[in-house]
Amino acid sequence: MLILILYFFIVIVAIQLSYYLGVFGKFAFAKAQKITPKRIPISVIVCAKNEEEHVAKFIPLLAEQNYPDFEIVLIDDASSDGTLELFEAFEKEYSNIRLVKVENNEAFWGNKKYALTLGIKAAKKDYLLFTDADCYPTSKEWITAMSSQFTMQKTIVLGYGGYEKITNSLLNKIIRFETLLTAIQYFSWAKIGHPYMGVGRNLAYKKEEFFNVNGFINHIQVRSGDDDLFINEAATSKNTTIAYTPESFTYSKPKTSYKDWLIQKRRHIATASHYKKIDQLQLGAFYCSQLLFIILPIILLSFQFQWILVLALLFIRYLCAWIVVGFSAGKLKEKDLKYWFPVVEILLIFTQINIFISNIVSKPVNWK
C-alpha cells in the first residue's frame, strides 16, 4: 500500500513541476516589458455601489492621469449612501468625467453586469479600461502603460490588481499571496496562448469585444463574473495580451478580517464553476495536486517509508516553486512574499478547502 502511495506522490510532484516550470515559468522568466506610448482614445470605466469613502479618495487620482485623450465614465449603481452626490460633484469639477445613473429594476435588481452594460454603451471611446471603485493606480502613467499593450490584433489586455501591504499581518500576507498566485496563473496561461480569466480591478478591452459575445448575456444569471467570466468567453490566443510593468498596476485596500475575506473568496471560487470545462479541469488539477502534495508525504514520513526519497522530492518541488514564485513576485513588486513561502501556501491550501466545503453547504453572497 505504501509503495502505491509513493508512486502516486511521484506523479503529484511531476504534475506540480509541470505547472510551475512548464506553465508558470512562462511568466516568471519572461523578459521585462517595455512601454511604448500610444494615443488611443480611452474610456476609463468605474462602477460603484455604496463606495462613498473610496471614490472620494480615488476618483481624483484617475482624473489626474497623464494621458492625452481619455474620459472617465462613473456608474452609480443605485447607491444608498453619498456616492451619487460625489459623482455629481466630480462631473462638475472635471470636464472629462461623465456620469451614468442606474436605477434598480425588477429584471436586473442589484446586478453589476446590468450597470456595467449601461456604462459601456455610454462610453464615447472605442477602447475601455476598467477598475473598481476601491482601487487606485500606482502612477499617473497607468492609462499609458495599459493602453501601450494594445495592437491591431491584441484587443484585450489583462493587468495586475494587487493589495496594499499591512505590516505584521499574516492575513494580509495570505491575501496578497493568493492574489499573486492567481496573477501568475492567468498571466502564464495567457502567455502560452490560453487566456482564461482577468480581474476587474485592472482590465482593458476594445468595445467591439464586448459586443462580439453579446456582452454578459450568456452569464447574466451569475451575479459575479463581469471580469473573469467575460474574459473566459471572449479571450483567445490571438486577441489577448498582458501588461505587467509597475506603472500598469492598481492597488486596493485588503480585507482586515478573515471572515470578510472568506466571503469574498467564496464568491470568486463559486464563479469559477462557470468557466469552460477545460479551464475548470486545469485549475482543479493544480489545486488538487497542491493538496495531495501536502497530504501524501505526511503519510509516507509518518511510516518512515523511503523517507530520503520523499524529502528529496519535497525539496525539489519547493525549490522550483520558490524560484518561480520569487521571480514572479519580483515582476509584480511583491518580493516580501517569497520569504513567507511555503508557510502562506500551506495556509492558503487549507483555506481553499474550507471555502470549497462552505460553498457546497450554502451559496456565497454577491454584489452589494
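Residues numbered from 1 in each chain as written. Predicted model: local features only at pLDDT ≥ 70, side-chain atom pairs only at ≥ 80, totals over all residues. Heavy atoms only, no water.

A. Main features of the packing of helix α1 (residues 2-28) against helix α6 (residues 170-191). In contact at an axis separation of 7 Å, α1 and α6 are set at 85 degrees when each is read in the N-to-C sense. On the basis of their axis angle, the class for α1 and α6 is roughly perpendicular. Contact residues: Tyr19, Tyr20, Val23, Phe24, Lys26 and Phe27 in α1; Leu181, Ile184, Gln185, Phe187, Ser188, Trp189 and Lys191 in α6. For the contact of α1 with α6, the per-class residue count stands at nine nonpolar, two polar and two charged. (Axes fitted to C-alpha atoms, helices over the stretch in contact; angles between N-to-C directions. Helix = DSSP H or I, 4+ residues; strand = E, 2+ residues; numbered from the N terminus. Parallel < 35°, antiparallel > 145°, perpendicular 65-115°, else oblique. Contact = heavy atoms within 4.5 Å. Nonpolar A, V, L, I, M, F, W, Y, C, P; charged D, E, K, R; others polar.)

B. Looking closely at empty space enclosed by the protein. Applying the stated criterion across every chain yields a total of one cavity of 30 Å³ or more. Within this model, the largest cavity holds a volume of roughly 90 Å³. In this structure, the largest cavity is lined by 13 residues; those nearest its centre are Leu116, Phe130, Asp132, Gly200 and Asp226. Of all the secondary structure elements, the ones that give two or more residues to the lining of the largest cavity are β1 (42-48), α4 (112-122), β4 (127-132) and β8 (203-206). (1 Å grid on protein atoms, 1.4 Å probe; cavity = no way out; pocket = protein on both sides within 12 Å on 5 of 7 lines; lining within 4 Å. Points joined across faces, edges and corners; volume = space filled by probe spheres on them.)

C. Examining a nonpolar patch on the surface more closely. Together, Leu21, Phe29, Phe315, Ile316, Leu319, Trp322, Ile323 and Phe327 line one region of the surface with nonpolar side chains, adding up to about 750 Å² of accessible area. When residues of the nonpolar patch are assigned to their parent elements, the largest contribution, six residues, is made by helix α11 (residues 307-331). Mapped onto the elements, Ile316 comes out in helix α11. We classify Ile316 as partly exposed; its relative accessible area is 40%. (Patch = residues over 30% accessible without salt bridge, like charges linked within 9 Å, V, L, I, M, F, W, Y side chains within 5 Å. Areas by Shrake-Rupley, 256 points an atom, 1.4 Å probe, with all protein chains shown as cover. Salt bridge = Lys/Arg side-chain N within 4 Å of Asp/Glu carboxyl O. Buried < 20%, exposed > 50% of the residue type's maximum accessible area, 1.4 Å probe, protein only.)

D. Summary view of the pairing of β8. In this structure, β4 lies alongside β8, joined through four bridges in antiparallel fashion. For Leu128, the partnering residue across the bridge sits in β8 and is Tyr205. Summarising the sheet, strand β6 (residues 156-158) and β8 pair through three bridges and their orientation is antiparallel. Across the sheet, Val157 pairs through a bridge with Ala204, a residue of β8. (Pairing = 2+ DSSP bridges.)

E. Local environment of the sheet that holds β4. Strand order in the open sheet formed by seven strands is β3-β2-β1-β4-β8-β6-β9, with mixed pairing between adjacent strands. On the outer flanks of this sheet lie β3 (97-102) and β9 (240-242), each paired with one strand and no other. Going across the sheet, the axis of each strand differs from the next one's by a mean of 20 degrees, ignoring polarity. Alignment of β6 against β9, held across three bridges, turns out to be parallel. Among the inter-strand pairings, Leu158 is bridged to a residue of β9, identified as Ile242. Taken strand by strand, helix α2 (residues 52-63) contacts β1, β2 (70-77), β3 and β4, and its axis lies near 160 degrees from that of β2.

F. Structural view of the packing of aromatic side chains. This structure, assessed with the given rule, holds 27 aromatic pairs. Taking the centre distance of 5.3 Å and the plane angle of 70 degrees together, the rings of Phe29 and Phe327 count as edge-to-face. Of this pair, Phe29 sits in the loop between α1 and β1 while Phe327 sits in helix α11, and the two are 298 residues apart along the sequence. Since its relative accessible area comes to 46%, Phe29 is described here as partly exposed. A relative accessible area of 47% means that Phe327 is categorised as partly exposed. Site record: aromatic cluster; members linked through ring pairs are Phe130, Tyr205, Phe210, Phe211, Phe216 and Phe230. A cation over an aromatic ring shows up here: Arg317 above the ring of Phe293, its NZ or CZ 4.5 Å from the ring centre. (Phe/Tyr/Trp six-rings, centres within 6.5 Å; stacked < 30°, edge-to-face > 60°. Lys NZ or Arg CZ within 6 Å of the ring centre and 35° of its normal.)

G. Representation of the environment of Thr167. Within the secondary structure, Thr167 sits in the loop between β7 (161-163) and α6. Measuring from C-alpha to C-alpha, the distance between Thr167 and Leu337 comes to 12 Å, with 170 residues separating the pair along the chain.

This is a description of form; function is not addressed.
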